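# Report on the structure
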Amino acid sequence: MKYDVAVIGAGVVGSLITRELSKYDIKVALLERCNDCAMGSTKANSAIVHAGFDAVPGTLKAKLNVRGVELMKKTCKELNVPLKNNGALVVAFSDEEIPHLNELLERGVKNGVPELRVIGKDELNELEPNIGETAVGALVAPTSSIVCPYELTIAGVENAVSNGAEFLRNCEVTAIDYVDDEFKLSTTLGEITAEYVINCAGVHSGEIASLIGDNSIEIVVRHGDYYLLDKSQGSLVSRTIFQCPSKMGKGVLVSPTVDGNLIVGPSAEDIDSGDDVATTPIGLDKIYVNAIKSVPAVSLRNAITSFSGNRAHPTSDDFIIGSSEANKKFINAAGIESPGLSSAPAIAEMVDGIINELSGGFTKKTDFDPIRPEPVRFRHMSTEERAKLIEKNKAYGRIICRCETITEGEILDAIHAPAGARDVDGVKRRTRAGMGRCQGGFCGSKVVEILARELGVEMNEITKFGGESKIMYHKTK
């Protein structure tokens, strides 16, 4: 398996970098150790496109956050991914916190963030009637938005594959050698050769860099728990509500999602393992206590699920993007914590520039298509639109997930798309089947059945998220 460029890590950054490089007449492979893309930090974060006021002026975080906001609208439009410009508030709950709002305002102005302003208690209550009574003021950031991070990632991979890139699942990199001006990557799929390697391995980016002798990347695994609440609470706030940030991050937020739920979190705890994504009672309790300070009406009776994610906090406290000192053809895109999602399109643009400068410039394809076709979203269609669709394909007339009104046709589309779903969670992320109140209690078995039929395997071979996460038990004689 010989490529011009190998991208390691299929999170949102690796996805959009691969898409960016797929516009050139080169062979590009996206290597992912899991059974699907968006399996790390990307599938478990706050889903916020930050305005850019929090990052220290002059840092890569500041520059790429603001540039990422500029690019995100175009990126989401091309990839047909929902993006909602709902705005954000950083709320002060005492007079002592007001200077912090002014500091963030000053930072934002230096970073080039437009329309920022600090407001008092009365205007805050007008904007968000459900805000906590102890709130005394807020920083308003109108350019903040919300997006679905895993849908953006999946769309990026689909578009990249449609333009000729290859997506290699279950492809864990175990060793890297540099021989005859080429990288030789030992992987669980065999040896892969590439002239350039781009390291987007998230919490494992330091480990990947060390394989070429680059020990400069120090990553602290920062763990965060979340609650996802039912759509009945999705309208409690219209904007993303932050509290004043601390050295551990932006703190616990309360925010609507693009799909109408309410997300609350994250907690922040430094842990040893990047693969430990178990929620903790202490972390979840901290979330709730802080959430009701911001929005007292938040009720855990409406919690659908809790989940956690790990983010790659670099000890340098800034993104690490550029050629490695150990080998200039090895490009790191590491330490991508918040505002990583917001910055992802700009990071892809930056890495594109770096690799083109190193290579002398790749030739652009004449047939590159930046558009990912819009997927069918039956739940958003009118009665007339549904009828026309079912007339063309009766699979769209069979509702599989009643909570989210997801049809068999949509699940088939998800399985057969470029880089399509191969497990139950893959279907869930692409269609929302299993995302509702019952969390797959009713539709899960049917999704397993459809996956087995379409992939040509036995039902007991279907997994929740790859590996040994098999859903059905099969007793052999």
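Residues numbered from 1 in each chain as written. Predicted model: local features only at pLDDT ≥ 70, side-chain atom pairs only at ≥ 80, totals over all residues. Heavy atoms only, no water.

This next bit is on the overall build of the protein chain. On a plain count of helices and strands, the protein chain comes out with 12 helices and 22 strands. In summary, the protein chain has a C-alpha radius of gyration of 22 Å against a globular reference of 23 Å for 477 residues, a match within 12%. For the protein chain, the spread of C-alpha atoms along the principal axes amounts to about 65 × 55 × 50 Å. Taking all 477 residues of the protein chain together, 56% fall into the buried category. Considering only contacts in the protein chain between residues 6 or more positions apart, those separated by 24 or more positions represent 72%. Carbon and sulfur atoms make up 49% of the accessible area of the protein chain, which totals about 20,600 Å². The distance from the centre of the 53 positive side-chain charges to the centre of the 65 negative ones in the protein chain is 6 Å. (Helix = DSSP H or I, 4+ residues; strand = E, 2+ residues; numbered from the N terminus. Rg over C-alpha atoms; globule rule 2.2 N^0.38 Å. Buried < 20%, exposed > 50% of the residue type's maximum accessible area, 1.4 Å probe, protein only. Contact = heavy atoms within 4.5 Å. Areas by Shrake-Rupley, 256 points an atom, 1.4 Å probe, with all protein chains shown as cover. Lys, Arg positive; Asp, Glu negative; His and termini not counted. Charge placed at Lys NZ, Arg CZ, Asp CG, Glu CD.)

Turning to the pairing of strand S19 (residues 320-323), a few remarks are in order. Sheet topology note: the S19/strand S20 (residues 330-334) ladder contains four bridges and is antiparallel. Looking at the pairing, Ile321 lines up with Ala333 of S20. What sits between S19 and S20 in their antiparallel hairpin is a turn of six residues. (Pairing = 2+ DSSP bridges.)

Another point: the pairing of strand S13 (residues 219-229). With nine of its 11 residues buried, S13 lies for the most part within the structure. Sheet analysis places S13 next to strand S18 (residues 303-314), joined by 11 bridges and oriented antiparallel. Within S18, the position partnered with Leu228 by the bridge is Thr305. Across three bridges, S13 lies against strand S17 (residues 269-271) in antiparallel orientation. Residue pairing across strands places Arg222 opposite Asp270, the latter belonging to S17. Of the pairings in the sheet, the one linking S13 to strand S16 (residues 262-265) comprises three bridges and is antiparallel in character. Opposite Leu228, over in S16, you have Ile263 as the bridge partner.

This next bit is on empty space enclosed by the protein. This structure, assessed with the given rule, holds one cavity of 30 Å³ or more. Looking at the largest cavity, its volume works out to about 50 Å³. The wall of the largest cavity is formed by His50, Phe53, Asp54, Val90, Leu104, Phe242, Gln243, Pro245 and Lys250. (1 Å grid on protein atoms, 1.4 Å probe; cavity = no way out; pocket = protein on both sides within 12 Å on 5 of 7 lines; lining within 4 Å. Points joined across faces, edges and corners; volume = space filled by probe spheres on them.)

This part is about helix H8 (residues 340-359). Along H8, the sharpest kink reaches roughly 35 degrees, centred on Ala346. Where burial is concerned, most of H8 is hidden: 14 out of the 20 residues are buried. Where H8 terminates, the next one or two residues include Gly360, which has phi positive at roughly 90 degrees. (Bend = angle between axes of the 7 residues up to and from the residue.)

Okay, the sheet that holds strand S8 (residues 145-147) next. As summarised here, the arrangement of the three strands in space is S3-S8-S4, forming an open sheet in which the pairing is antiparallel. The outermost strands of the open sheet, each flanked by one partner alone, are strand S3 (48-49) and strand S4 (83-84). Inspection of the sheet shows S4 paired to S8 by two bridges, in the antiparallel sense. Its bridge partner lying in S8, Lys84 is registered against Ile146.

Attention now moves to unusual backbone geometry. It is generally the case that most residues other than glycine have a negative phi and that most peptide bonds are trans. Here the residue pair Gly265 and Pro266 is connected by a cis peptide bond, since its omega of -5 degrees sits within 30 degrees of zero. The topology assignment puts Pro266 in the loop between S16 and S17. Cis geometry marks the peptide bond from Ser338 to Pro339; its omega dihedral reads 10 degrees. Residue placement: Pro339 occurs in the loop between S20 and H8. Non-glycine residue Ala38 carries a positive phi angle of around 60 degrees. Mapped onto the secondary structure, Ala38 falls in the loop between strand S2 (28-31) and S3. Taking relative accessible area as the criterion, Ala38 reaches 0% and is therefore assigned buried. One non-glycine residue with positive phi stands out, namely Asp317, at about 65 degrees.

Counting 46 residues, the largest nonpolar core has Val5, Val13, Ile17, Ile198 and Ile347 as the members making the most contacts within it. When contributions to this core are tallied by element, the ones reaching two or more residues are strand S1 (2-8), helix H1 (12-21), S2, helix H2 (60-79), helix H5 (149-162), strand S12 (190-199), S20 and H8. The biggest single contributor to this core is H8, with eight residues. Residue contacts for Ile347: discarding those within four places in its chain leaves Val13, Leu64, Phe319, Ile321, Ala333, Ile336 and Gly340. Counting 23 residues, the second largest nonpolar core, distinct from the first, contains Leu89, Phe93, Ile131 and Ile287. (Core = buried A, V, L, I, M, F, W, Y, C linked by side-chain atoms within 4.5 Å.)

By themselves, these observations are geometric and do not establish any function.
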